[in-house]
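Geometric and topological summary
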Amino acid sequence: MSKEILDSWNKNANEWIRVIQNNDIPSRKFTNSAILECTQELEGKTIADIGCGEGWLTRELQKLGWNATGLDATKELIEEARKRSSQTFEVFSFEAIIDGQTIPNGPFDVAVFNFCLYLKDGLKDLLSNTLNQLSAEGVLMIQTLHPYFLSQNNLSYQSQWISDSWKGLPGNFTDGHSWYARTMQDWISELNQVENSKYNIKEVLNDEEKPISLIIKINKV
């Protein structure tokens with residue numbers, strides 16, 4: 001995680017915890033249930049929630065019968081997650097995975113990145129190195145904003161840096177970090193570079209039948 005991103009999360013951790021625990025983000029009504037439904041379709045016992053934040057998904061995965069471990073680079077979020085659950089939570093960054101470090105508490109049958117992939121460079125290595133640390137039938141899942149977001153916000157339909165990660169969210173956030181938004185074509189291009197894998201993409205819609213997120217499932221082959 002870049003210094004800009006880590007600094008932004010450190011400054012806004014308490015506000016993020018408040019917003020999540022109050023369920024103040026309307027789209028989560030659809031995206032939360034979508035990622036949980038997709039995990040219920042998978043086989044396995046162990047799952048890593050990478051970029052877990054304050055741990056809501058990790059806790060929900062445990063309720064579904066998974067032995068779930070939460071990982072995040074923001075220490076304050078991990079501390080909050082530990083207060084709310086007896087599950088294993090570790091401070092661990094994407095950069096560590098990209099550098100080839102072993103993911104704590106592994107190996108896992110499944111790994112999930114839920115709305116936490118902000119990087120432009122290194123995505124292929126992050127996904128490949130995570131997939132390589134999963135079991136033989138391992139699955140990697142990603143949920144991210146749908147590329148429709150670009151057109152919806154009157155931006156040109158091309159992959160680009162978005163300047164403020166907190167813009168549009170309820171809450172008193174400050175110092176938003178930049179994040180890299182990809183078109184559908186560029187997502188597919190990145191996924192095609194992950195060796196020894198196959199993938200499928202599901203579009204999540206809201207009650208107006210407008211796309212709000214993608215769920216990408218990557219399997220080892």
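In case you missed it, the structure is sitting above this.
This report concerns the structure included in the present document. Being a predicted model, the structure only gives us computed values, none of them experimental.

**Some remarks on the overall build of the protein**
Secondary structure assignment for the protein yields eight helices and nine strands. Scaling as 2.2 N^0.38, a compact globule of 221 residues should have a C-alpha radius of gyration of about 17 Å, and the protein matches this with 16 Å. Its C-alpha atoms give the protein principal-axis dimensions of about 45 × 40 × 35 Å. By the burial criterion, 52% of the 221 residues in the protein qualify as buried. Long-range contacts, defined as pairs at least 24 residues apart, comprise 62% of the intrachain contacts of the protein with a sequence gap of at least 6.

**Some thoughts on the side chain of Thr144**
Within the secondary structure, Thr144 sits in strand β5 (residues 134-145). Taking relative accessible area as the criterion, Thr144 reaches 10% and is therefore assigned buried. Dropping the residues within four chain positions of it, Thr144 is found in contact with Phe115, Trp187, Ile212, Ser213 and Leu214.

**Quick word on the nonpolar core**
Trp16, Ile35 and Met141 are the most contacted members of the largest nonpolar core, which has 36 residues in total. Only α1 (3-21), α2 (28-40), α3 (56-63), β4 (108-114), β5, α7 (148-152), β7 (179-181) and β9 (211-220) provide two or more residues apiece to this core. Top element by residues in this core is α1. It accounts for seven residues. Apart from residues lying up to four places away in sequence, Trp16 is in contact with Trp9, Ile25, Leu77, Trp166, Leu169 and Phe173.

**Structural notes on the pattern of salt bridges**
In the structure shown here, the tally under the stated rule is eleven salt bridges. Each of Glu15, Arg18 and Asp24 takes part in one network of salt bridges that share partners.

**What about the pairing of strand β8 (residues 197-205)?**
One ladder, built from nine bridges, connects β8 with β9; its direction is antiparallel. Bridge pairing in β9 places Val204 opposite Ser213. Here β8 hands over to β9 after five residues, with Glu209 in that stretch at a positive phi of 60 degrees.

**Focus: the packing of α2 against α3**
Two elements in contact, α2 and α3, have axes whose closest approach is 11 Å; the angle formed by their N-to-C orientations is 45 degrees. Between α2 and α3, the angle is such that the two are oblique. Handedness of the α2/α3 crossing: right-handed. Contact residues: Arg28, Asn32, Ile35, Leu36 and Thr39 in α2; Trp56, Leu57, Glu60 and Leu61 in α3. Residues that form the contact of α2 with α3 fall into these classes: five nonpolar, two polar and two charged.

**Notes on helix α6 (residues 123-132)**
In terms of residue burial, α6 counts as a mostly covered element, since seven of its ten residues are buried. Looking at α6, one finds that the buried residues are Leu123, Leu126, Leu127, Ser128, Asn129, Thr130 and Leu131.

**Describing the packing of α1 against helix α4 (residues 75-84)**
Between α1 and α4, whose axes approach to 9 Å, the crossing angle comes to 35 degrees. Where α1 abuts α4, its residues Trp9, Asn10, Ala13, Asn14, Trp16, Ile17 and Gln21 lie against Glu76, Leu77, Glu80 and Arg84. Here the residues of the contact of α1 with α4 sort into five nonpolar, three polar and three charged.

About the criteria used
Residues numbered from 1 in each chain as written. Predicted model: local features only at pLDDT ≥ 70, side-chain atom pairs only at ≥ 80, totals over all residues. Heavy atoms only, no water. Helix = DSSP H or I, 4+ residues; strand = E, 2+ residues; numbered from the N terminus. Rg over C-alpha atoms; globule rule 2.2 N^0.38 Å. Buried < 20%, exposed > 50% of the residue type's maximum accessible area, 1.4 Å probe, protein only. Contact = heavy atoms within 4.5 Å. Core = buried A, V, L, I, M, F, W, Y, C linked by side-chain atoms within 4.5 Å. Salt bridge = Lys/Arg side-chain N within 4 Å of Asp/Glu carboxyl O. Pairing = 2+ DSSP bridges. Axes fitted to C-alpha atoms, helices over the stretch in contact; angles between N-to-C directions. Parallel < 35°, antiparallel > 145°, perpendicular 65-115°, else oblique. Left-handed = near helix turned anticlockwise from the far one by under 90°. Nonpolar A, V, L, I, M, F, W, Y, C, P; charged D, E, K, R; others polar.

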